[in-house]
Amino acid sequence: MKPLVYIARELPEEAAEFLEQHCECRYWQGPGDITDAKLAEEVGEAEGLLVTGTPIHEKVLAAGPNLRVVANLSAGYNNLDLQALKERRIVATHTPYVLDDTVADLAMALLLASARRVPELDRLVKAGQWKKGMDAELYGLDVHHKRLGIIGMGRIGEVVARRASLGFEMDVAYYNRRRKPEAEERLGLTYCGLEELLSTSDFVLLLTPLTPETRHLMDEAQFKLMKQNAVFINVSRGETVREEALVKALEEKWIAGAGLDVYEQEPVSPDHPLLRMDHVVTLPHIGSATAETRINMAMSAAKNLVNALTGQSPLDIVPELRPYFL
Ligand SMILES: NC(=O)c1ccc[n+]([C@@H]2O[C@H](COP(=O)([O-])OP(=O)(O)OC[C@H]3O[C@@H](n4cnc5c(N)ncnc54)[C@H](O)[C@@H]3O)[C@@H](O)[C@H]2O)c1
Ligand SMILES: O=C(O)[C@H](O)CO
């Protein structure tokens, strides 16, 4: 008999077909995105769950007595209560590696768009406001040969560093939980403390996971350390930044601009002050959202789910749970 799995989101055809071959699949039918409360009602006898970002905590796990695996279709997994999973001996997986290049491209896109004011000037042209001879107040900032400071030099951080260093000849500094001498050598990176990184970088890119240590890592004190002509880019999770502090830093011109893919509340409220600022580029959490990469992520999550249910070791167990399942 095939194991029963509950799929809490839409999947590309390839991944759905693969799962149907190995599992009996039940799907969330909507409306809208599933909530943790709805998931608790739906899980029933399922042995496996496939989710993106839905909070998975004790109440959801307790509602599914047969659960053996939660496959998270994303690289970040801050939606998972790891302690509750560990206590119930339920393995959890994520989808690293397959999205690194795509997210790194998006980080560079945000950096370039913010520095060269691409969306703002696009709006100006479309509004028929292009005058001959460009006002100096609309000039942007150079990217090439500037200093990029990356906070969180992991898989994606390294791919961004390669683009910035080899492509744009930027001077790349980084701050990380641990130093990476091999990457320093290969990519010409400079390691520095957080304060030094913030006070010397022209662009600051945040790429850590969201954890209790990184929650509000960027607060008033950190924005005050940044250079006045520096730009802040966040591609990690919204809650790594105290948004109120970012708004203040932008309004009071402690920093020159920002490029954001993620927010404390998603979707961000239409009346959020950040959305009224011309010097802020806002994207709707699309770091990995290309057609190709979303298929690869879905296949990765589906394979992890099937492996776990058929007694093979899933490839991408979240690091904190590996010691208990490998
Ligand atoms: N915007 C998007 O669509 C998108 C897409 C993919 C990933 N992400 C986010 O990016 C994060 C990073 O992804 P990754 O695959 O590079 O992860 P990773 O685990 O390879 O890298 C994270 C790095 O951050 C470092 N780090 C962790 N805590 C730290 C701390 N307190 N101080 C300094 N450094 C710390 C780690 O040592 C590691 O090197 C994900 O967890 C996710 O939240 C967002
Ligand atoms: O972590 C990720 O993979 C992205 O943010 C998509 O959720």
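Residues numbered from 1 in each chain as written. Chains lettered and ligands numbered in written order. Predicted model: local features only at pLDDT ≥ 70, side-chain atom pairs only at ≥ 80, totals over all residues. Heavy atoms only, no water.

As recorded by an unreviewed UniProt entry, the protein carries the name 2-ketogluconate reductase and is attributed to Paenibacillus vini.

Thoughts on the side chain of threonine 102
For threonine 102, the position within the fold is in helix α5 (residues 100-115). Among residues more than four places away in sequence, those in contact with threonine 102 are Gly287, Ser288, Thr290 and Thr293. (Helix = DSSP H or I, 4+ residues; strand = E, 2+ residues; numbered from the N terminus. Contact = heavy atoms within 4.5 Å.)

Topic: the site of ligand 2
Near ligand 2 you find Ser74, Ala75, Gly76, Leu99, Arg237, His285 and Met297, and these make up its full shell. For ligand 2, an oxygen atom lies 2.8 Å from a polar atom in the backbone of glycine 76. Within the contact set of ligand 2, an oxygen atom lies 2.6 Å away from a side-chain nitrogen or oxygen of histidine 285. The protein chains hide 83% of the 230 Å² of surface that ligand 2 would expose on its own. Looking at the shell around ligand 2 residue by residue, the classes come out as three nonpolar, three polar and one charged. (Near = heavy atom within 4 Å. Polar contact = N/O pair within 3.5 Å; in protein donor to acceptor, adjacent residues only side chain to side chain. Areas by Shrake-Rupley, 256 points an atom, 1.4 Å probe, with all protein chains shown as cover. Nonpolar A, V, L, I, M, F, W, Y, C, P; charged D, E, K, R; others polar.)

Notes on the UniProt feature "domain: D-isomer specific 2-hydroxyacid dehydrogenase NAD-binding" (unreviewed entry) in the protein
As recorded in UniProt, the sites labelled "domain: D-isomer specific 2-hydroxyacid dehydrogenase NAD-binding" (unreviewed entry) are residues 108-287. Summarising residues 108-287: 33% helix, 15% strand, and an end-to-end C-alpha distance of 11 Å. (UniProt positions renumbered as here; feature names shortened; annotations may be inferred.)

Considering helix α6 (residues 118-126)
The set of residues buried in α6 consists of Glu120, Leu121 and Leu124. Looking straight down α6, one finds its buried side chains confined to an arc of 90°; they lie on one side. Residue glycine 128 follows α6 closely and has a positive phi angle near 70°. (Buried < 20%, exposed > 50% of the residue type's maximum accessible area, 1.4 Å probe, protein only. Arc of directions from axis to C-beta.)

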